[in-house]
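Examination of the molecular architecture
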Amino acid sequence: MEKLPKWADAFLVPLVSVFIAFAISGLVILAVGEDPIAALRVMIDGALGSTYGWGYTLYYATNFMFTGLGVAVAFHAGLFNIGGEGQATLGGLGVALVCLFIPWPHWSLALCAAIVSSALFAALWAAIPAWLQAKRGSHIVITTIMFNFIAASLLNYILVNQLRPKGSMDPASARFPQATNLPGLDQVLGLFGIPFSSKTPANISLIIAMICCILVWFLIWHTRLGFAIRAFGKSEKAAVYAGINPVRITLYAMIISGALAGLMAVNTVQGEANRLLLNSVEGAGFIGIAVSLMGRGHPFGVFLAALLFGFLYQGGAELALWTKIPRELITVIQALVILFTGALDQMVRRPIEITFALFKKKEH
Amino acid sequence: MNSSDILGRQETAAPSLPLAIELRGISKAFGTVQANKDISIQVKAGTIHGIIGENGAGKSTLMSILYGFYKADEGQILIKGIPTIIPDSQSAIRAGIGMVFQHFKLVQNFSVLENVILGAEDGALLGPSFTRARNVLADLSAEYDLDVDPDAVVENLSVGHQQRVEILKALYRQAEILILDEPTGVLTPAEANHLFRILRGLKAQGKTIILITHKLREIMDITDHVSVMRQGQIVSSLETSETSPQDLAERMVGRKVLLQISKSAPNYGDEVLRVEGLTLHDEQGVERLSDVAFSIRAGEILGIAGVAGNGQSHLLEVLAGIRNAQGRAFLKSEVLNLTGKSANAQSRRAMGIAHIPEDRQDMGLIMDFMAWENMGLGYHNDPLYQHNRWFMNNDALLDETAAKMDRFDVRPPIPTLAAKNFSGGNQQKIVVAREIERVPDVLLIGQPTRGVDIGAIEFIHQQIIALRDAGKAILLVSVELDEIMSLSDRIGVMFDGHLMGVKDATQTNVNEIGLMMAGIAPPQEGII
């Protein structure tokens, strides 16, 4: 079979997948007795119709960029890290500890410390399954899943027994000091004279996420480590032949992957909640898998896919608010997108490849 | 010979014999690749018909059509003069066609008898089938000198015996036409001779045999007729008695080729690589190498012959730093660590040991990587390819790849094309270019020309000779005995993890090497 041109592979296939997912979602909405066109309008209006909507969309997208990049880096090494959820949980703990116990004079210093701390905590959390796989042969899919549960339980214990302020019934930490609060996206954009809603959780973390996209791009395609990671991911035998140490690469890739997932906590814990909550990750670790699949493991693809999922999250919330469409349907739409862009990729790809081949034949 | 002669189809009619199989205008395309194009062959009953062609010439596709694995886009198959449609392998078997694949399709932990009746059981109860099969097998074994114990478990049989089980399976299904795909690839010379004896016996009983091979000698030895395939087409159909290996090779490639490698007398220098007491146990604890010792001098090619799976692969991997082993090794009197931190491919390369691995698709190349990325495989830490501490200089690697592809005539010369999109020969040229162009002190080579077309074989052999003439030490592992015989200065033979002996290439012959390949030690030990 003829190979697809690059642009079709990178953009046409995912676009068609998304379109099919939306079409089927439309049928489902029709089946529950609502108007799919109106529903789509509500979603677009709610997510993209105002800077307020955009603020939420970008806030969610920031989370997905971090977790999506994390999955992508591991994926280049042939490792399926589905522990983004747990790694981000530990990242949140890292953020909370530096924000609560160190008196920061300025938010920028607090931000730097939170970045380092969240990345470190999450990286360590990812390094354990990596070490278990590299040295003991325990499969990383199994161990990272189990580490999600362990992370949740660990956080539960720490919040309830250690960080919960005396007298509080809420399993959450105390509020962080004012000085650690991050500037919102409205302040960042304000510097450039762009008006933006100040009532949204979007914050400067978005910029950090975008920088991470660029850094990951450099890492994967322009560094020796990236070369080794990709070689190892494509063929372990060839990597060993080339003198690449599988144990080391497994560890490095998972540490970077975990650190990226952990950075998500800067956005949610420090940027939005200003305290550590029991479930601050809210499934973003898993959405990261879909984002990475849809983005084909490329940082720019992850960026675009994260925006799409941000839109789905925010648009979905609006849908539940303004229509009779039950909240659960949003999950159906999101699941369909994941299904078509991830699992059913070949189903969409084959017809497109055949179409391209037909056109090519006609040209001859 | 002029070109029209090569291209012209010469049908030599011998009307006395009826046709067992006739193919008329068979065409088959995969996407835009035309694997078979307007192929017509007549195979006379009771003859051995050879089909020869380079890798990718379309031989296997054609046979897969005949056996019902693929459906031809166009064309007709006539069996004993009757137009037959073969939609699947069951129909092929019913039409009297039996196939012996290159990779056997046997259940390893079943007995010979169980394998033979598998899929041809007579009823729900196995008892009667076994009784019948046992009798038939006894007859067949005796008739064709097959010598197979029906109760032996397949995994305990030698490769040659396993192949005979495949033949028995076909005969048990009353095959009149037997197709063998590269049958001698895994056999010792003695086993191959035995196979040919069996095939001649089958022919004498009126069976028709189609032999697919890329080995010219086999065609000359055993076939009555030969069809030459090139680029999906039959370019010649000849009586074997009217052709020669040189003629066949030229028809296969479509131009003049050098079958004989021109090689000057060796000019040995100092000892470069010495190995002593090399012993290796694999992950299952099986001894793969036992007490192997040899040395190679500068300007010398040491060839290691042997049937595949007798430890040659492990030997290469140990020396290349991919596997740990016990024993001692020295590179120019410097100790080569066989275990521990520095026993890896990276430090071997740094010491000047390059490695062309046996399995280029799995090990030597990353098929999804582009040619230029593959050119950096193993050398990605080289300062040549770095901008600074942090960033690689991909452009430098790209430029160098373009230059190497040009020097090695890799086609198409596109550094950004993924390795999987090159032909086998061109893939191998990429690996050879990467390893040889750095002029290593020691070059380890495994199966340099497996699955490579004749044109590229010639080129790769020349490069190996050139490196030897430049005073480098070369360890060449190959299961192609011809290749070992023609390239090596000294020849070692491996059997069951032992180095059976090392002989001077000018003072040995195929018979002696063949005996050693079968585990029979030579009368006196050679020089080590």
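Residues numbered from 1 in each chain as written. Chains lettered and ligands numbered in written order. Predicted model: local features only at pLDDT ≥ 70, side-chain atom pairs only at ≥ 80, totals over all residues. Heavy atoms only, no water.

Remarks on the packing of aromatic side chains
Applying the stated criterion across every chain yields a total of 15 aromatic pairs over all chains. Following the ring pairs from residue to residue traces out a cluster consisting of Tyr52, Tyr56, Tyr59, Tyr60, Phe64 and Tyr313 of chain A. Of note, lysine 105 of chain B hangs over the ring of phenylalanine 101 of chain B, and the distance from its end group to the ring centre comes to 4.6 Å. Positioned above the aromatic ring of phenylalanine 459 of chain B is the side chain of lysine 429 of chain B, whose terminal nitrogen or guanidinium carbon lies 5.0 Å from the ring centre. (Phe/Tyr/Trp six-rings, centres within 6.5 Å; stacked < 30°, edge-to-face > 60°. Lys NZ or Arg CZ within 6 Å of the ring centre and 35° of its normal.)

Some remarks on the interface of chain B and chain A
Contacts between chain B and chain A engage 32 residues on the former and 21 residues on the latter. Together chain B and chain A conceal approximately 2400 Å² of surface at their shared face, both sides included; 62% is due to carbon and sulfur atoms. On the chain B side of the contact with chain A, Phe369, His380 and Met392 of chain B bury the most area, a combined 21% of that side's loss. Applying the counting criterion to the chain B and chain A interface returns three salt bridges. The salt bridge involving arginine 230 of chain A is made with glutamate 373 of chain B; its shortest N-O contact spans 2.5 Å. Connecting chain B to chain A are 13 residue pairs in polar contact (both at pLDDT 80 or more). (Contact = heavy atoms within 4.5 Å. Buried area = accessible area lost by both parts, 1.4 Å probe. Salt bridge = Lys/Arg side-chain N within 4 Å of Asp/Glu carboxyl O. Polar contact = N/O pair within 3.5 Å; in protein donor to acceptor, adjacent residues only side chain to side chain.)

So, the domain arrangement of chain B
Residues and elements named next belong to chain B. Per the domain assignment, the segments making up chain B are domain 1 (1-90 + 213-254) and domain 2 (271-369 + 441-517). For domain 1 and domain 2, the distance between their C-alpha centres works out to 37 Å. Facing eight residues of domain 1, the contacting portion of domain 2 comprises seven residues. Here domain 1 meets domain 2 over a buried area of about 520 Å², counting both sides, of which 50% is carbon and sulfur. If you look at where domain 1 meets domain 2, you find one salt bridge. With a closest N to O distance of 3.5 Å, aspartate 482 and arginine 217 form a salt bridge. Linking domain 1 with domain 2 are one residue pair in polar contact (both at pLDDT 80 or more). At three residues, helix α9 (residues 245-253) tops the list of elements feeding residues into the side of domain 1 that touches domain 2. (Domains from an automatic or database assignment. Helix = DSSP H or I, 4+ residues; strand = E, 2+ residues; numbered from the N terminus.)

Concerning the environment of phenylalanine 227 of chain A
Assignment of secondary structure puts phenylalanine 227 of chain A in helix α9 (residues 224-234). By relative accessible area, which is 2% here, phenylalanine 227 of chain A ends up buried. Placed 84 residues apart in sequence, phenylalanine 227 of chain A and threonine 143 of chain A show a C-alpha to C-alpha distance of 26 Å. Once residues lying within four places of it in the same chain are set aside, the contact partners of phenylalanine 227 of chain A are Ile220 of chain A together with Phe369, Glu373, Gly376, Leu377, His380 and Met392 of chain B. (Buried < 20%, exposed > 50% of the residue type's maximum accessible area, 1.4 Å probe, protein only.)

Regarding the sheet that holds strand β14 (residues 326-331) of chain B
All names here are of chain B. Strands sit in the order β12-β11-β14-β15 across an open sheet of four strands; the sheet is antiparallel. Single-partner strands in this sheet number two, and they are β12 (287-297) and β15 (334-335). Pairing analysis gives seven bridges linking strand β11 (residues 271-281) to β12, with the strands arranged antiparallel. Counterpart to arginine 274 in the pairing with β12 is serine 295. Across the sheet, helix α10 (residues 312-319) touches β11 and β12, and the angle it forms with β12 is around 65°. (Pairing = 2+ DSSP bridges. Axes fitted to C-alpha atoms, helices over the stretch in contact; angles between N-to-C directions.)

Overview of the pattern of salt bridges
All names here are of chain B. Applying the stated criterion across every chain, the model contains 36 salt bridges over all chains. Put simply, arginine 434 and glutamate 435 hold a salt bridge, and the shortest N to O gap is 2.9 Å. Note on glutamate 435: relative accessible area 0%, which makes it buried. Measuring nitrogen to oxygen at the nearest pair gives 3.5 Å for the salt bridge that ties glutamate 512 to lysine 503. Lysine 503 matches glutamate 512 in its accessibility class, with the two residues each being buried.

Examining helix α18 (residues 510-517) of chain B
Residues and elements named next belong to chain B. Of the residues making up α18, those classed as buried are Glu512, Ile513, Gly514, Met516 and Met517. Along its buried surface, α18 packs onto α7 (189-204), β13 (300-305), α17 (481-487), β19 (490-495) and β20 (498-504). Once α18 ends, the next one or two residues include glycine 519, with phi positive near 90°.

With respect to the nonpolar core
Ranked by size, the top nonpolar core spans 86 residues in total, and within it Phe64, Met65, Val95, Leu276, Val291 and Phe309 of chain A carry the most contacts. Residue contributions to this core peak at 10 residues, all from helix α3 (residues 51-76) of chain A. When residues of this core are assigned to domains, at least three map to each of domain 1 (1-34 + 324-364) and domain 2 (60-321) of chain A. If sequence neighbours within four positions are ignored, leucine 276 of chain A has contacts with Gly92, Leu93, Ala96, Leu155, Leu159, Leu163, Ala172, Ser173, Phe176 and Val269 of chain A. With 56 residues, the next largest nonpolar core counts Ile140, Ala228 and Ala242 of chain A together with Met392 of chain B among its residues. (Core = buried A, V, L, I, M, F, W, Y, C linked by side-chain atoms within 4.5 Å.)

Some words on the domain arrangement of chain A
Residue and element names in this part refer to chain A. Taken as a whole, chain A is organised into domain 1 (1-34 + 324-364) and domain 2 (60-321). Taking only C-alpha atoms into account, the centre of domain 1 sits 28 Å from that of domain 2. In this complex, domain 1 contributes 17 residues to the contact, which on the side of domain 2 involves 15 residues. Overall, the association of domain 1 and domain 2 removes approximately 1300 Å² of surface from exposure, summing both partners, and the carbon and sulfur fraction of that is 75%. Connecting domain 1 to domain 2 are zero salt bridges.

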